[in-house]
Amino acid sequence: MKTLYNGEFFGKTNETLRLDGLTITDTEYTHPYVDWHYHENAYFTFLLQGNMREGNKKETYDCQAGTLLYHHWEDAHYNIKPDIFTRGFHLEITENWFDNFQVSKEAVEGSFNLKDPALKLLMYRIFKETKINDPSSELSVHELLLSIFSQLSEKSSNSDKKPVWTHKITEILHENFTEKLSLTELSKALDVHPVHLSRDFHKHFQCTLGVYIRKLKINKSITLLNTGLSLAEIALECGFTDQSHFIRSFKENTGIIPLQYRNLLKK
């Protein structure tokens, strides 16, 4: 089985950035099939464009633009790519980074698909910082990555403590976030009292229902900024009331307006 070392990925890497213990690459996937392999370091894959299928020892993921995967160090997997342009953003984490920032490398184990919209938005912000790449970018990247690991560790330690309804509401929200959802309808679907739902949702998801739904909409909108759709069309597709609402929400969550982000994706 082939081992890929620091900064190595199958495909055409168009940009590599090295920041104190991190190796960040922007790579076009060119291989229709990549056999079982593993990487010497833990890393995140953030799919910017296109789609692919990835399999590991436990699961297989159909990955669309906007998918965020985490791979533990030396965790074997394979990839299949259709005949379309596919581009990935990789953030590789060396053992020195874990040591320097006192993060346990074993705190998050395995390979998995991260669906939490808050984690995806943190990775979008890391991507933004690497493209801006000003004197403050390295500090911001480390801060954002530490936030990701903090949340991952917390989720891992609390995963067995969550009630059954939290898994069901996650499915409902991810499948229907572009529609108008009411607290009453959600409560009936979950068989949970509205007061209990609104109070305990924040406890388990660290935000309100409205904020969670808005983050899902923003994540969807970012994947559509790679297309030729207008901002008005993207706003409609993602369930925003209008273009102004979309632009305002986008800036609140990413720090920049959609057109600025579209330009970063072209770099």
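Residues numbered from 1 in each chain as written. Predicted model: local features only at pLDDT ≥ 70, side-chain atom pairs only at ≥ 80, totals over all residues. Heavy atoms only, no water.

Draft legend 1. Local environment of the overall build of the protein. From N to C terminus, the protein includes ten helices and eleven strands. Expected size for 267 residues packed as a compact globule is a radius of gyration near 18 Å; at 19 Å, the protein falls within 12% of this value. Projected onto the principal axes, the alpha-carbon positions of the protein cover approximately 50 × 45 × 40 Å. Once local pairs closer than 6 in sequence are excluded, the contacts in the protein between residues at least 24 apart make up 69%. For the protein, the exposed surface amounts to about 13,300 Å²; the carbon and sulfur share of it is 48%. Positive and negative side-chain charges of the protein, numbering 31 and 35 respectively, have mean locations separated by a distance of 6 Å. (Helix = DSSP H or I, 4+ residues; strand = E, 2+ residues; numbered from the N terminus. Rg over C-alpha atoms; globule rule 2.2 N^0.38 Å. Contact = heavy atoms within 4.5 Å. Areas by Shrake-Rupley, 256 points an atom, 1.4 Å probe, with all protein chains shown as cover. Lys, Arg positive; Asp, Glu negative; His and termini not counted. Charge placed at Lys NZ, Arg CZ, Asp CG, Glu CD.)

Draft legend 2. Main features of the side chain of H77. Tracing the chain through its elements places H77 in strand 9 (residues 77–80). Overall, H77 belongs to the buried group, its relative accessible area being 1%. A polar side-chain atom of H77 sits 3.0 Å from a polar atom in the side chain of Y43. When neighbours within four sequence positions are excluded, H77 is seen to be in contact with D35, W36, H37, H39, Y43, E54, G55, N56 and H71. (Buried < 20%, exposed > 50% of the residue type's maximum accessible area, 1.4 Å probe, protein only. Polar contact = N/O pair within 3.5 Å; in protein donor to acceptor, adjacent residues only side chain to side chain.)

Draft legend 3. How the structure looks around a nonpolar patch on the surface. Residues M1, Y33, W36 and I80 make up a contiguous nonpolar surface patch of roughly 410 Å² in combined accessible area. Its location among the elements puts M1 in the segment before strand 1 (2–4). (Patch = residues over 30% accessible without salt bridge, like charges linked within 9 Å, V, L, I, M, F, W, Y side chains within 5 Å. Salt bridge = Lys/Arg side-chain N within 4 Å of Asp/Glu carboxyl O.)

Draft legend 4. Main features of the sheet that holds strand 6 (residues 51–56). The five strands lie next to each other as 1-4-9-6-7, forming an open sheet whose pairing is mixed. With partners counted over all chains shown, the strands left at the sheet margins are strand 1 and strand 7 (60–64), one partner each. Each strand axis lies, on average, 35 degrees off the axis of its neighbour in the sheet, ignoring direction. Of the pairings in the sheet, the one linking strand 6 to strand 9 comprises four bridges and is antiparallel in character. By the bridge assignment, G55 is partnered in strand 9 with Y78. (Pairing = 2+ DSSP bridges. Axes fitted to C-alpha atoms, helices over the stretch in contact; angles between N-to-C directions.)

Draft legend 5. The arrangement of the pairing of strand 2 (residues 12–19) in detail. Strand direction decides the pairing type here: strand 2 and strand 3 (residues 22–29), joined by seven bridges, are antiparallel. When the sheet's bridge partners are listed, R18 is paired in strand 3 with T23.

Draft legend 6. Representation of the sheet that holds strand 2. If you trace the six strands from one edge of the open sheet to the other, you get 2-3-10-5-8-11, paired in antiparallel fashion. A single partner strand is all that each edge strand has here, and the edge strands are strand 2 and strand 11 (111–114). Here the strands of the sheet are splayed against their neighbours by 20 degrees on average, with no regard to which way each runs. As paired elements, strand 3 and strand 10 (residues 86–93) share eight bridges and run antiparallel to each other.

Draft legend 7. How the structure looks around the environment of T30. Turning to its location among the elements, T30 is positioned in the loop between strand 3 and strand 4 (33–39). Judged by its relative accessible area of 40%, T30 falls in the partly exposed class. Sequence spacing of T30 and G11 is 19 residues, and the spatial spacing of their C-alpha atoms is 4.9 Å. For T30, the residues in contact, after removing those within four places along its chain, are G11, K12 and K81. A distance of 3.1 Å separates a polar atom in the side chain of T30 from a polar atom in the side chain of H31.

Draft legend 8. Structural context of helix 4 (residues 164–176). Taking 1.5 Å as the rise per residue, helix 4 with 13 residues should run 18 Å; its terminal C-alpha atoms sit 19 Å apart, in good agreement. Those residues of helix 4 not exposed but buried are W165, T166, I169, I172 and L173. Relative to the axis of helix 4, the buried residues are bounded by an arc of 125 degrees and lie together on one face. Residues V164, E171 and E175 are exposed on helix 4 and point more than 90 degrees away from its buried face. Elements that come into contact with the buried residues of helix 4 comprise helix 5 (183–190), helix 6 (194–205) and helix 7 (209–224). (Expected span 1.5 Å × (residues − 1). Arc of directions from axis to C-beta.)

Draft legend 9. Quick look at the side chain of K120. Along the chain, the position of K120 falls in helix 2 (residues 117–132). D116 provides the closest opposite charge to the buried, unpaired K120, separated from it by 9.1 Å. When residues no more than four places from it in sequence are discounted, the contact partners of K120 are F46, G66, T67, L68, L114, K115 and N219.

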